[in-house]
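Residues per chain, in single letters:
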Amino acid sequence: MDTNQQLIKQTAQYVKITLQGAEAGHDWFHIQRVWNNAKLIGSQERVDMLIVELAALLHDIADSKFHNGDEEIGPQTAGAFLKSINANADVIEHVQQIIRYMSFKASFDEVKFNSLELQVVQDADRLDAIGAIGIARAFTYGGFKNRELYDPAIPPNLSMSKEEYKNTLSPTINHFYEKLLLLKDKMNTKTGKQIAQQRHQFMEQYLEQFYGEWEGRM
C-alpha cells in the first residue's frame, strides 16, 4: 500500500469511529456515499485524488450545525487529525479550505477559495442532499430538530440571509425550495450535473405526490 492509500485508509478508520452515533443524515454512511460520489466524479476530472478523498472523508467530521454554529471546528479538527498522521502541510491546508468553503451556507458569503478538488467534493456532497436519499436525510434532520413536516401557512423563504438559513425553524418541505431544488443548477462538474438531473426530477415527482396526498387528491 503506497503512502497516499495509507493516509486515506487511516482517515476512513478515524472518521468511522468518530461519527459513531451521529445523526443519521450526517453519519458514516453519509460520508461513505459522498466518498464514493467523489471518487466517481474525480475519475472524470484532472484533480489531486488524495485531496479529494481526504476532503470527502473529513468534510463533516465536526459539522457546525451540531457544534453551536462554530464554522471553524470542522477545519480545525480535520487539520489536527491530518497533522497527527503526518500528511503534507499543503495537503492539510487544501483539505481545510475545502471543508471551510464547500457547504451550501458558505455560498451566502463572498467566495474566497475555489479549486477543482473543492468542486468535485462539493458536487459529491450535494448529490447526497438530493434524490431519494436527500429526501430521507431532509426528513431525518427535520425530525431530529422536531420540525413540522409541512404547514401551508408558512411559505418558503427564498431570500434568506446566511443567519436566517442557519437558524430557520421552518417545516421540512420548505427546505426543498430553500435549498434542495436549487442544487441541480449549482453543480460544478459534467458528471455531477448529469447525476443531479435525474435526482432533481425524482424530488419534483415526490413533491407532487406529497401535495396530492396532503390535499386528499391521491
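A.B. asks: I keep staring at the packing of helix 1 (residues 3-18) against helix 4 (residues 73-84) and nothing clicks. Help me out?
C.D. replies: Each pair of packed helices gets described by two things: the angle between the helix axes and the distance between those axes. Across the interface, helix 1 lies against helix 4 with an axial gap of 11 Å and an inter-helix angle of 135 degrees. With respect to their mutual orientation, helix 1 and helix 4 come out oblique. Crossing of helix 1 against helix 4: the hand is right-handed. Within the contact between the two elements, helix 1 uses Gln10, Thr11 and Tyr14 and helix 4 uses Thr77, Phe81 and Leu82. Within the contact of helix 1 with helix 4, the residues separate by chemical class into three nonpolar, three polar and no charged.

A.B. asks: In this structure, what is going on with the environment of Glu204? I would like to understand it.
C.D. replies: Structurally, Glu204 is set in helix 10 (residues 190-214). Looking at Glu204, the relative accessible area reads 42%, which means it is partly exposed. For the pair Glu204 and Lys83, spaced 121 residues apart in the sequence, the C-alpha separation amounts to 44 Å.

A.B. asks: So what exactly am I meant to see when it comes to helix 7 (residues 131-144) here?
C.D. replies: In an α-helix there are 3.6 residues to a turn, and that puts residues three or four apart on one side. Here helix 7 contains 14 residues, and its C-alpha end-to-end distance of 20 Å stays within 8% of the 20 Å for a straight helix at 1.5 Å per residue. Listed as buried for helix 7 are Gly131, Gly134, Ile135, Arg137, Ala138, Phe139, Tyr141 and Gly142. Summarising the contacts, the buried residues of helix 7 are in contact with helix 2 (28-42), helix 9 (172-178) and helix 10.

A.B. asks: Is there a simple way to think about the pattern of salt bridges in this case?
C.D. replies: Think of it this way: side chains of opposite charge can pair up when their charged atoms draw near. Evaluation of the coordinates by the stated rule reveals five salt bridges. Glu72 is the partner of Arg100 in a salt bridge, and the nearest nitrogen-oxygen pair spans 2.7 Å. Residue Arg100 is found in helix 5 (residues 89-101), and its partner Glu72 is found in the loop between helix 3 (49-58) and helix 4; the two are separated by 28 residues along the sequence. For Arg100, a relative accessible area of 23% translates into the label partly exposed. What makes Glu72 partly exposed here is its relative accessible area of 30%. In this structure, Asp128 and Arg137 form a salt bridge, with 3.7 Å as the shortest nitrogen-oxygen distance. Taken as a pair, Asp128 and Arg137 share a single burial class, namely buried.

A.B. asks: Looking at this model, I keep getting lost on the side chain of Gln122. Mind explaining?
C.D. replies: Along the chain, Gln122 falls in helix 6 (residues 116-127). At 2.9 Å, the side chain of Gln122 and the backbone oxygen of Met102 are in polar contact. Setting aside residues no more than four positions away along its own chain, Gln122 makes contact with Tyr101, Met102 and Asn188.

A.B. asks: What should I look at first to understand helix 3 in this one?
C.D. replies: Counting buried positions along helix 3 yields nine of 10 residues, so the element is predominantly enclosed. Burial in helix 3 covers these residues: Leu50, Ile51, Val52, Glu53, Leu54, Ala55, Ala56, Leu57 and Leu58. For helix 3, the elements touching its buried residues are helix 1, helix 2, helix 4, helix 5 and helix 6. Its side-chain oxygen placed 3.0 Å from the backbone nitrogen of Leu50, Asp48 serves as the N-cap of helix 3.

Definitions and limits used
- Residues numbered from 1 in each chain as written.
- Predicted model: local features only at pLDDT ≥ 70, side-chain atom pairs only at ≥ 80, totals over all residues.
- Heavy atoms only, no water.
- Axes fitted to C-alpha atoms, helices over the stretch in contact; angles between N-to-C directions.
- Helix = DSSP H or I, 4+ residues; strand = E, 2+ residues; numbered from the N terminus.
- Parallel < 35°, antiparallel > 145°, perpendicular 65-115°, else oblique.
- Left-handed = near helix turned anticlockwise from the far one by under 90°.
- Contact = heavy atoms within 4.5 Å.
- Nonpolar A, V, L, I, M, F, W, Y, C, P; charged D, E, K, R; others polar.
- Buried < 20%, exposed > 50% of the residue type's maximum accessible area, 1.4 Å probe, protein only.
- Expected span 1.5 Å × (residues − 1).
- Salt bridge = Lys/Arg side-chain N within 4 Å of Asp/Glu carboxyl O.
- Polar contact = N/O pair within 3.5 Å; in protein donor to acceptor, adjacent residues only side chain to side chain.

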